[in-house]
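# Commentary on secondary and tertiary structure
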Amino acid sequence: MKEKKAINQPAVRKALRPFGTTIFTEMTVLSNRVGAINLSQGFPDFEGPEEIRRAAADAIMRGPNQYCPSMGITPLRKAVAGKMKRFYGVSVDADAEVTVTAGASEAIGAALLGLVEPGDEVILLEPTYDLYPPMVAMAGATAVYVPLQLPGFSLPREGLQKAFTPRTKAIIINNPLNPTGKVFTKEELAFIAELCGRFHTIAIGDEVYEHLVYDGRKHTTLLQIPAFKERAIVISSTAKTFSMTGWKVGYAVACRRLTEAVRMSHQFITFCTPSALQEAMAQAISMEDAYYQGFLERYTAKRDLLCRALGDMGFDVLWPEGTYYTAVDIADLEFDDDLAFCRHLTSEVGVAAIPTSFFWHQRRDGRNLVRFCFCKRDKTLEMAVERLAKWRS
Ligand SMILES: Cc1ncc(COP(=O)(O)O)c(C=O)c1O
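Before going into details, it helps to say that this report is about the structure given with it. (Residues numbered from 1 in each chain as written. Predicted model: local features only at pLDDT ≥ 70, side-chain atom pairs only at ≥ 80, totals over all residues. Heavy atoms only, no water.)

Before going further, it helps to spend a moment on the environment of Ala252. Note that Ala252 resides in strand 8 (residues 249–253). Ala252 sits in the buried class, given a relative accessible area of 2%. Sequence-wise, Ala252 and Leu306 are 54 residues apart; in three dimensions their C-alpha atoms are separated by 32 Å. Ignoring anything within four residues of it in the chain, the contact list for Ala252 reads Glu97, Val98, Thr99, Ala107, Ile233, Val234, Ile235 and Val262. (Helix = DSSP H or I, 4+ residues; strand = E, 2+ residues; numbered from the N terminus. Buried < 20%, exposed > 50% of the residue type's maximum accessible area, 1.4 Å probe, protein only. Contact = heavy atoms within 4.5 Å.)

This is the structure in structure tokens:
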């Protein structure tokens, strides 16, 4: 009897039940089913650099293909430390301050699980990437939401200050911000750093789009802000910069004390990340400046192509300062909400997009914005534009 009762209960733990299947899976599955052009989930429809793929293949054939050190192989940790110096002027100890993880996703999870006690509070700025709330819940903490303010998704200084309490263990800062493409200013980050200092709070910086910052702006990593030096964990990934989202090679950079927390949980989650892919990504990160410049130039052209075309169709377009996403306002269109719009667009127009309401805990706050990614071949973007323009006219 007891066994039958147990079988009728949901197996999923209570903390995770409110979340359901991610919107990225839902839209990609729908897009594939109806044969739409998938501008929803953020992955390229082209391959990353050939020499990097060959380097991984060579490493697999050469071997060994066994567990590597949990913290990551030395060449990759050194490449990450080199990158921090080269792009940001920040000195990092590759042995004690860099940890390689299964993508930025695992790094965020490892940071939270390694740091946070049940009952702690974690501040999430909205819109918030959909992985953070369930991760906070799995860590047994409480998410405290602070919406960025319009226009421009700027930092609501007063609101943020009010959200900090003696229980605020961490704040997650996604910079550049998915889905709106906001890039935080140095002043905004310094303001957060001051609050973190006052409340003994750790900042977790999710900087996976660090190399996609447009129009001459410069990305500021948290570790460039002196007050964050002992208080921030900077997380990034090779997924976006080298167009290999399926490899899941990410990393966390932090002072020795915070790195200990990340490594403590990381060793019990995945232990280590595929060593051949790490070897190839060590080579990728160390590529010449020309690679990074070409990457940014190609993405600037893609952004311009899609944003300009959406504007010409009469959409109110959010031109991103960073990331490979743009968003349009659908308030004037006759749909119940952004989800209904995206389902219609995918099934009837043949272009998939992401309803951004899933980036707000009160979904109504984001129901007027729909996100398109432009990490696609120009031909794909042109085909999507053609379909959308035909529908709009
Ligand atoms: C803001 C943000 N963080 C993290 C990730 C996941 O990165 P990874 O694939 O390296 O786990 C993504 C992927 O879209 C993202 O947009």
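This paragraph deals with the site of the ligand. Close contacts around the ligand come from 13 residues, with Ser105, Asp206, Tyr209, Ser237 and Lys240 the closest. Asn178 places a side-chain nitrogen or oxygen 2.9 Å from an oxygen atom of the ligand. Between an oxygen atom of the ligand and a side-chain N or O atom of Ser237, the distance comes to 2.6 Å. Per-element tally for the shell around the ligand: the top contributor is helix 5 (residues 103–115), with three residues. Its residues placed into classes, the shell around the ligand shows five nonpolar, five polar and three charged. (Near = heavy atom within 4 Å. Polar contact = N/O pair within 3.5 Å; in protein donor to acceptor, adjacent residues only side chain to side chain. Nonpolar A, V, L, I, M, F, W, Y, C, P; charged D, E, K, R; others polar.)

Bringing the side chain of Thr241 into the picture now. If you trace the backbone, Thr241 turns up in the loop between strand 7 (232–237) and strand 8. For Thr241, the residues in contact, after removing those within four places along its chain, are Val208, His211, Tyr291, Tyr292 and Phe295.

Inspection of the secondary structure assignment puts Thr346 in helix 12 (residues 338–349). Under the relative-accessibility criterion, Thr346 is labelled buried at 1%. A polar side-chain atom of Thr346 sits 2.6 Å from the main-chain carbonyl oxygen of Cys342. Setting aside chain neighbours within four positions, we find Thr346 in contact with Met27, Leu30, Ser31, Val34, Ala36, Val351, Ala352 and Ala353.

Okay, the packing of helix 5 against helix 9 (residues 256–269) next. Axis angle and axis distance: for two packed helices, these are the angle between their axes and the distance between the axes, and together they describe the pair. In the contact formed by helix 5 and helix 9, the axes pass within 7 Å of each other and the chain directions differ by 110°. Classified by the angle between their axes, helix 5 and helix 9 sit roughly perpendicular to one another. As for the relative orientation of helix 5 and helix 9, their crossing is right-handed in sense. The segment helix 5 lies against helix 9, with Glu106, Ala110, Ala111, Leu113, Gly114 and Leu115 engaging Leu258, Ala261, Val262, Ser265, His266 and Ile269. (Axes fitted to C-alpha atoms, helices over the stretch in contact; angles between N-to-C directions. Parallel < 35°, antiparallel > 145°, perpendicular 65-115°, else oblique. Left-handed = near helix turned anticlockwise from the far one by under 90°.)

One pair of aromatic rings is described through two measures. These are the centre distance and the angle between the planes. The tally for this structure, following the rule as stated, stands at 20 aromatic pairs. On the basis of an interplanar angle of 80° and a centroid distance of 5.6 Å, the ring pair of Tyr209 and Tyr325 is categorised as edge-to-face. Note that Tyr209 is positioned in the loop between strand 6 (202–206) and strand 7 and Tyr325 in strand 10 (residues 325–329), a separation of 116 residues in sequence. Given the relative accessible area of 4%, Tyr209 is considered buried. (Phe/Tyr/Trp six-rings, centres within 6.5 Å; stacked < 30°, edge-to-face > 60°.)

It helps to recall that an α-helix has 3.6 residues per turn; residues three or four apart then point in one direction. For helix 13 (residues 378–392), which comprises 15 residues, the first-to-last C-alpha distance of 21 Å matches the rise-based estimate of 21 Å (1.5 Å per residue) to within 8%. Among the residues making up helix 13, those that are buried are Thr380, Leu381, Ala384, Val385 and Leu388. In a view along the axis of helix 13, the buried residues occupy a sector of 135°, so they form one face of it. Projecting away from the buried face of helix 13 at angles above 90 degrees are the exposed residues Lys379, Glu386 and Lys390. (Expected span 1.5 Å × (residues − 1). Arc of directions from axis to C-beta.)

This part is about the pairing of strand 13 (residues 369–373). When you tally the buried positions in strand 13, you get five out of five residues, the bulk of the element. Of the two faces of strand 13, the one lined by Leu369, Arg371 and Cys373 and the one lined by Val370 and Phe372 are each fully buried. Direction of pairing for strand 12 (residues 354–355) relative to strand 13: antiparallel, over a ladder of two bridges. Within the sheet, the bridge partner assigned to Pro355 lies in strand 13 and is Val370. (Pairing = 2+ DSSP bridges.)

Across the sheet, which stays open at both edges, the four strands sit in the order 9-10-13-12 with antiparallel pairing between neighbours. Bordering the open sheet on either side are strand 9 (316–318) and strand 12, each of which pairs with just one other strand.

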